[in-house]
Amino acid sequence: MITFLSGGTGTPKLLEGARNILPDSEISVIVNTGEDIWYQGGHISPDVDTVMYLFAGLLNTDTWWGVRGDSFLTHEVLSTLLPDAYMSIGDRDRAVHIARAEWLKNGMTLTRVTQHLCSHFGVTATILPMSDSPYTTYVRTAKGDIHFQEYWVRYRGSTEISAVIHVPDEQPPATPEVTLAIRKADVVIIGPSNPVTSILPILSCTGVREELAQKKVIAISPFIGDGPVSGPAAQLMKTMEYPADSTGVRALYADLVDVFIQDERDTAQVPGAVRLDTLMKTPAIAEHLMREILTRL
Ligand code: GDP
């Protein structure tokens with residue numbers, strides 16, 4: 001059993017490669033929920049949705065969110081009624097968000113909701129929200145504290161940020177399922193996800209660091225040179241006062257990590273790091289990277 005810690009883009013690319021090597025039933029994924037948001041009556045769990053759609057064979061891998069070939073009729077109508085609509089949600093995707101919202105409102109946990117959805121979509125990998133308690137990522141800006149989705153989707157990351165904060169300001173409890181998935185793992189892989197908004201929230205869940213300390217942990221850097229492959233990780237690392245490169249990622253993960261992998265083109269020098277091609281432009285490259293990672297067990 002291999003357990004991954006994942007956000008919604010970099011690690012899912014690696015998971016796409018892993019699926020060509022391992023049966024889905026041997027894969028567990030602990031997924032960040034810090035970016036979850038209630039939106040237009042639905043509950044979006046963006047990283048959980050991406051990982052779930054990937055394993056269901058439904059994911060739009062051009063964007064790494066949403067359902068491939070989805071229609072946007074509801075979004076088109078809603079945009080004329082709600083001019084503030086800043087996220088375009090596909091119809092099939094929206095149906096999942098509405099079902100999740102209904103179940104959560106009826107008292108079901110996010111873990112149970114995710115199991116329910118995974119079983120509906122025939123997913124046999126174990127997909128686990130990091131916590132059943134909210135731990136929402138906000139960024140502090142001159143406009144006030146705004147949800148990370150607003151910062152990234154509405155303002156396209158163009159606003160200056162002075163801090164990353166989480167609401168509520170207390171460690172969320174990891175679920176028993178999360179603890180077990182780490183305990184049962186032969187190795188834990190921290191995929192090349194955003195260290196600040198995807199991985200740190202998972203590491204913040206109570207008990208996760210203690211469980212990881214007992215395990216072999218392999219981490220892959222999402223940075224090549226002085227920038228991430230995509231997304232706002234550089235601004236966020238700087239806000240956290242870490243270097244915006246692989247040395248910063250290594251420092252952030254500190255003693256949790258046994259093997260640190262950085263890209264073979266990376267100009268940042270991380271002592272002891274393994275150099276591999278981590279730029280997953282195709283599933284074949286991701287599969288090759290995953291095979292190389294498995295030789296480091
Ligand atoms: P989010 O939830 O959508 O922010 O997705 P993640 O946190 O899972 O992934 C975002 C990170 O993935 C960014 O920091 C990117 O640099 C990284 N990333 C995306 N594609 C690749 C890739 O092919 N290789 C590597 N090494 N990192 C990648």
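Residues take numbers from 1 onward in each chain, read along the sequence in its written order. For this predicted model, a pLDDT threshold of at least 70 governs which residues receive local features, and a threshold of 80 or more governs which side-chain atom pairs are given and counted, while totals over whole chains, interfaces and linings are taken from all residues. Excluding hydrogens and water, the side-chain values take into account all heavy atoms of the structure.

In the region of the ligand, 21 residues are neighbours, and T9, S193, N194, S198 and T278 sit closest. In the analysis that follows, any N or O atom pair within 3.5 Å is treated as a polar contact, provided that within protein one partner can donate a hydrogen and the other can accept it, and provided that, for residues neighboring in sequence, both atoms belong to side chains. Backbone polar atom of S221 to a nitrogen atom of the ligand: 3.0 Å apart, as the coordinates give it. Between an oxygen atom of the ligand and a main-chain N or O atom of S230, the distance comes to 3.3 Å. For every accessible area listed, the method is Shrake-Rupley and the probe measures 1.4 Å; residues are considered covered only by the protein chains on display. Taking 590 Å² as the accessible area of the ligand by itself, protein coverage stands at 93%. In terms of residue count, the dominant contributor to the shell around the ligand is helix α1 (residues 10-18) (3 residues). By residue class, the composition of the shell around the ligand is 7 nonpolar, 11 polar and 3 charged. If even one non-hydrogen atom of a residue comes within 4 Å of a molecule or strand, that residue is called near it. Secondary structure elements are taken from DSSP: a helix is a run of H or I of four residues or more, a strand is a run of E of two residues or more, and numbering for both begins at the N terminus. All residues other than Ala, Val, Leu, Ile, Met, Phe, Trp, Tyr, Cys, Pro, Asp, Glu, Lys and Arg, Gly among them, are scored as polar; the first ten of these are nonpolar and the last four charged.

For the rest of this paragraph, the subject is the sheet that holds strand β7 (residues 144-147). Two strands pair if DSSP finds at least two bridges between them. If you trace the 3 strands from one edge of the open sheet to the other, you get β7-β6-β8, paired in antiparallel fashion. Only two strands of the sheet have a single partner each, and these edge strands are β7 and β8 (163-167). Taking the axes of each pair of neighbouring strands and ignoring which way they run, one obtains an average angle of 35° across the sheet. Between the N-to-C directions of two axes lies an angle of 0 to 180 degrees, each axis being a line fitted to C-alpha atoms and, for a helix, fitted only over the stretch in contact.

Count a disulfide wherever a pair of cysteine sulfur atoms falls within 2.5 Å. The tally for this structure, following the rule as stated, stands at 0 disulfides. Considering cysteine sulfurs only, C205 is the nearest to C118, which forms no disulfide, with 18 Å between them. Type-normalised accessible area, obtained with a 1.4 Å probe on protein chains alone, sets the label of each residue: buried when under 20%, exposed when over 50%, and partly exposed for intermediate values. Residue class for C118 comes out buried when judged on its relative accessible area of 5%. Residue classification places C205 among the buried positions, given a relative accessible area of 1%.

Our focus in this paragraph is the sheet that holds strand β13 (residues 259-263). Remark on secondary structure: sheet strands pair via backbone hydrogen bonds, oriented parallel or antiparallel. Pairing in this open sheet of 7 strands is parallel, and the strands run β5-β2-β1-β9-β10-β13-β14 from one edge to the other. Looking at which strands have only one partner, the edges of the open sheet turn out to be β5 (126-129) and β14 (274-276). Strand-to-strand, the axes of this sheet are offset by a mean angle of 20°, without reference to chain direction. Sheet topology note: the strand β1 (residues 2-6)/strand β2 (residues 27-31) ladder contains 5 bridges and is parallel. Counted as the bridge partner of L5 is I30 from β2. By the convention used here, residues are in contact when the closest approach between their heavy atoms is within 4.5 Å. With respect to the sheet, helix α8 (residues 195-204) is in contact with β1, β2 and β9 (187-190), its orientation differing from that of β1 by roughly 115°.

Quick look at unusual backbone geometry now. The step from V167 to P168 runs through a cis peptide bond, and the omega angle for that step is 0°. For P168, the location among the structural elements is in the loop between β8 and α7 (176-183). In this model, R156 sits at a positive phi of 50°, which is unusual for a non-glycine residue. Structurally, R156 is set in the loop between α6 (148-154) and β8. The class for R156 is exposed, based on a relative accessible area of 65%.

Take the pairing of β13 next. Each regular strand carries side chains that alternate between the two faces of the sheet. For β13, the tally of buried residues reaches 5 of 5 residues, placing the bulk of the element in the interior. Neither face of β13 is exposed, since V259, I261 and D263 on one face and F260 and Q262 on the opposite face are all buried. In terms of strand pairing, β13 meets β14 through 3 bridges, oriented parallel. Bridge pairing in β14 links I261 to V274.

This part is about the pattern of salt bridges. The working definition used for a salt bridge is a side-chain nitrogen of Lys or Arg within 4 Å of a carboxyl oxygen of Asp or Glu. Scanning the model with the defined rule gives 12 salt bridges in all. Taking the shortest distance from any N to any O, the salt bridge between R100 and D49 comes out at 2.5 Å. Residue R100 is located in helix α4 (residues 91-105), and its partner D49 is located in helix α2 (residues 46-56); the two are separated by 51 residues in the primary sequence. One exposure class covers both R100 and D49, and it is buried. Where E292 meets R296, a salt bridge forms, and the shortest distance between an N and an O atom there is 3.0 Å. Residues participating in the shared-partner salt-bridge network are D84, E150 and R154.

The pairing test for Phe, Tyr and Trp rings, Trp by its six-membered ring, is centres within 6.5 Å, and the orientation test on the planes gives stacked under 30 degrees, edge-to-face over 60, and tilted for anything in between. Within the structure shown, the criterion is met by 3 aromatic pairs. On the numbers, 5.5 Å between centres and 70° between planes, the contact of Y39 with Y86 is edge-to-face. With Y39 in strand β3 (residues 37-39) and Y86 in the loop between α3 (73-81) and α4, this residue pair connects regions lying 47 residues apart in the sequence. Across the pair, Y86 and Y39 agree in class, each one buried. Note on Y53 and F121: the rings are 6.3 Å apart at their centroids and 80° apart in plane angle, and the pair reads as edge-to-face.

Let us now look at α1. Of all 9 residues that make up α1, 8 are buried, and the element is covered over most of its length. Along α1, the residues that are buried comprise G10, T11, P12, K13, L14, L15, G17 and A18. Elements in contact with the buried residues of α1: β1, β2, α2, β9, β10 (217-220) and α12 (283-294).

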